[in-house]
Amino acid sequence: MANARGTEVVVVGAGIAGVSTAYHLAARGVATTLLEKRHPAYGPTWRSSAICHAFYMAPALSRLAARGTAILRDLPATIGAPVVFRPVGMMWLVGAEAAPAWRAAVERIKGEGAAIEAIAPAEVARMAPGIVTDDAALGVWEPTCGYADPYGAANALAEGARRAGARIRLDTAMMRLVVERGRVAGIETTGGERIGADAVVLATGVWTRPIAARLGVELPITVERHGMAVLDAPARARAILPFAWCDDILCNYARPEGEGTILVGSWAGGGTGVRHGDVERPDQADDPDAYDELVDQAGSTEILTHIVRRVPAFESLGVRRGYAGLYDMSPDDLPIIDRLPGVDGAHMICGSSGHGFKLGPAVGEEVARLVAAGQAPALDDFALARFGDTA
Ligand SMILES: Cc1cc2nc3c(=O)[nH]c(=O)nc-3n(C[C@H](O)[C@H](O)[C@H](O)COP(=O)(O)OP(=O)(O)OC[C@H]3O[C@@H](n4cnc5c(N)ncnc54)[C@H](O)[C@@H]3O)c2cc1C
C-alpha cells in the first residue's frame, strides 16, 4: 500500500473541498488518488453562487474564508491556472440591532489582515445609487472580495493536483470504505475495484451522512434545497449591482454574473455563522440524487419578493429559469471537519452549511496538513465532538 512516497491517501469527492485536499496533499508529496463519481464540481459546488468574503462572526470561519479566497485569487500565480476569481467587491447591509456586533467583528477581521471596513449606509447608496438603504445602520465593504467561477475553480485545482502527481479517477464511485481491525484499509468502487490506502478523506458533502451511518456514526446533518433566481440585465448587471451583495436585514443576497446576468438567492443569516431564527428554513431534500433542480416562475417570484424593495430596478428585469442546489446543514451552521470516529485513518469534510465554496480551498489545505502532519489547529472548532456522542 505505502510506496516510496510514503502514505497513500484516497480523497473521495471532487467538489471544491476534495479537489483542494487532493491538490494540497499531492503538493506535499503525498501519494494521492482523487476519486469522483462523476466529474469535478458535480455536486453543490457546481450550483454555488461562489461568493467569497472574509466576514464571519466566528473567528475560525473568517480566517478560513480569508485564506480560501486568497487561494482562489492566487491560482494563476501558484499553479498557472486561468483566472477564476472576479474581485468585484463584497458589500453587506446591516440593521441597528446587529450593528455593534458587526462593527466589532470587522475590527477583529481587519486586525487579522483582511481588507474590510465599516461604512455608512449613505456610502453604500453612493457606490450603488439603485440600492435603498433607509432601514440600514451599517454597511460593510470588502473591496478585494467577490465571486469565482465554481466549475473553473474545481477544474483548476483538480488539474493542479494532477500536475503535482495525484491520480484522478473520474466516473468512479466509492461503494464502501474498507475497514480492517478498526483502521481504514482503502475503498472499494462500485465496479468492485479495491484501492488500498492508509488514509481516506471523505469530501462527499451532502452524500456524507449515509456513508458515515453505514459505519455506525450518526452525523447531525440535514440537507436543504436552496433556490436561485436568475435575472436578465443585458450590459447593465454591474450598473445595477456593482458588487456581490448580502443583506442581513432582509435576508437575501445577489451578485452580478458577468455583465448581463444577476443571480439572487435567499439566505437565513447562516452565512455569517449566526442564523436568523425568524426566517423559514427551505425544504429538506431527502435524496441528493433526486430533488427538484429547477426553479419555476413562482419560485423565482418568491425569491425576489423582498429584494425588490432593496433594489427596485430588479422588478423591471426579465426572469430566466432558475435552479436549485443543496446545502448540507449542521446544527450550528459551522462545518464538520474531523476524523471519522471509530475508523482510524478516515476523515470527513461535510456540513458546510452554505458557505463551503469560499472555505473549500483553505479547508483542503488544512485537511492535507491534518492527514500528512497529524494536526491542524485551524480546524479545532469544527470537531464533531461539539455535538456530543454521535456513535
Ligand atoms: C445555490 C447555492 C449557492 C451557494 N452559494 C455559496 C456562496 O456564495 N459562497 C459559498 O462559500 N458557498 C456557497 N454555497 C455552498 C457551497 O457551494 C458548498 O458548501 C460547497 O460547494 C460544498 O463543497 P464540497 O466540496 O464540500 O461538497 P460537494 O460540492 O457536495 O462535492 C462532493 C462531491 O463528492 C462526490 N461524491 C459523493 N459521493 C461519492 C462517492 N460515493 N464516490 C465518489 N464521489 C462521490 C460528488 O459527486 C461531489 O462531486 C452555495 C451552495 C448552493 C447550493
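Given the structure is predicted, the values throughout are model-derived calculations rather than measurements.

What counts, and where the lines are drawn
- Every chain is numbered independently, its residues counted from 1 as its sequence is written.
- Given that this is a predicted model, residues contribute local features only at a pLDDT of at least 70 and side-chain atom pairs are listed and counted only at 80 or more, while totals for whole chains, interfaces and linings are drawn from all residues.
- When DSSP locates at least two bridges between a pair of strands, those strands are taken to pair.
- In DSSP terms, a helix is any run of H or I states spanning at least four residues, a strand is any run of E spanning at least two, and both are numbered starting from the N terminus.
- Between the N-to-C directions of two axes lies an angle of 0 to 180 degrees, each axis being a line fitted to C-alpha atoms and, for a helix, fitted only over the stretch in contact.
- An automatic or database domain assignment supplies the start and end points of every domain.
- Classes in brief: Ala, Val, Leu, Ile, Met, Phe, Trp, Tyr, Cys and Pro nonpolar; Asp, Glu, Lys and Arg charged; the others, Gly included, polar.
- Partly exposed residues are those whose C-beta has more than 12 but fewer than 20 other C-beta atoms within 10 Å; with 20 or more the residue is buried, with 12 or fewer it is exposed, and the C-beta atoms are placed from the backbone.
- A clockwise course of the path from the first strand over the helix to the second, judged with the strands pointing away from the viewer, identifies a crossover as right-handed.
- To estimate how far a helix should reach, multiply one less than its number of residues by 1.5 Å.
- Relevant arc is that of directions from the helix axis to the C-beta atoms, nothing else.
- Only the C-beta atom matters for nearness: placed from the backbone, it must lie within 6 Å of the molecule or strand for the residue to count as near.
- An angle counts as roughly parallel when it lies under 35 degrees, as roughly antiparallel when it exceeds 145, as roughly perpendicular when it falls between 65 and 115, and as oblique in every other case.
- Rotating anticlockwise by less than a right angle from the far helix to the near helix defines a left-handed crossing, while the corresponding clockwise rotation defines a right-handed one.
- Contacts are defined on C-beta atoms placed from the backbone: any two residues whose C-beta positions lie within 7 Å are in contact.

> If you had to explain the sheet that holds strand β10 (residues 174-180) to someone new, which residues and values would you point to?
Strand-to-strand pairing in sheets goes through backbone hydrogen bonds, with the strands running parallel or antiparallel. Spatial ordering of the open sheet is given by β10-β11-β12, a layout of three strands whose pairing is antiparallel. The open sheet has two edge strands, β10 and β12 (194-196), and neither has a second partner. Mean inter-strand twist for the sheet, computed between neighbouring axes without regard to direction, equals 30°. Looking at chain direction, strand β11 (residues 183-189) and β12 are connected through three bridges and run antiparallel. Across the sheet, residue G186 finds its bridge partner in β12, namely G196.

> Tell me about the domain arrangement of the chain, residues and numbers included.
What the domain assignment lists for the chain is domain 1 (8-46 + 151-220 + 332-387) and domain 2 (89-144 + 222-329). Look at where the C-alpha atoms of domain 1 and domain 2 centre, and you get two points 29 Å apart. A per-class count over the side of domain 1 that touches domain 2 returns five nonpolar, six polar and one charged.

> Please provide a residue-by-residue account of the pairing of strand β1 (residues 8-12), values included.
Of all five residues that make up β1, four are buried, and the element is covered over most of its length. Relative to strand β2 (residues 31-35), β1 is paired through five bridges, and the arrangement is parallel. Bridging from a neighbouring strand, V12 pairs with L35 of β2. For the crossover from β1 across helix α1 (residues 16-27) to β2, the handedness is right-handed. As judged from the four bridges shared by β1 and strand β13 (residues 199-202), these two strands associate in the parallel manner. Residue V9 lies in a different strand from β13, and its bridge partner there is A199.

> Can you explain helix α5 (residues 99-111)? Please cite residues and give values.
With 13 residues, α5 should reach 18 Å at 1.5 Å per residue; the first-to-last C-alpha distance of 18 Å fits that figure. Along α5, the residues that are buried comprise W102, A105, V106 and I109. For α5, the angular spread of buried residues about the axis comes to 105°, placing them on one side. α5 presents P100, A104, E107 and G111 as exposed residues on the side facing more than 90 degrees away from its buried surface. Following α5 by one or two positions, G113 adopts a phi angle in the positive range, close to 105°.

> So what's going on with the site of the ligand? Residues and values would help.
Inspection of the region around the ligand gives 41 residues, with G13, G15, G205, G325 and G356 positioned closest. Ranked by residues supplied to the shell around the ligand, first place goes to helix α12 (residues 356-373) with four residues.

> Can you lay out the packing of α1 against helix α7 (residues 150-163) for me, pointing to particular residues and giving the numbers?
In a pair of packed helices, the angle between the axes and the distance between the axes together describe the arrangement. Look at α1 against α7: their axes get within 8 Å of each other, and the N-to-C directions meet at 25°. Classified by the angle their axes make, α1 and α7 are roughly parallel. The two elements α1 and α7 meet at a crossing, and its hand is left-handed. Contacts from I16, V19, S20, A22, Y23 and A26 in α1 reach P150, A153, A154, L157, A158, G160 and A161 in α7.

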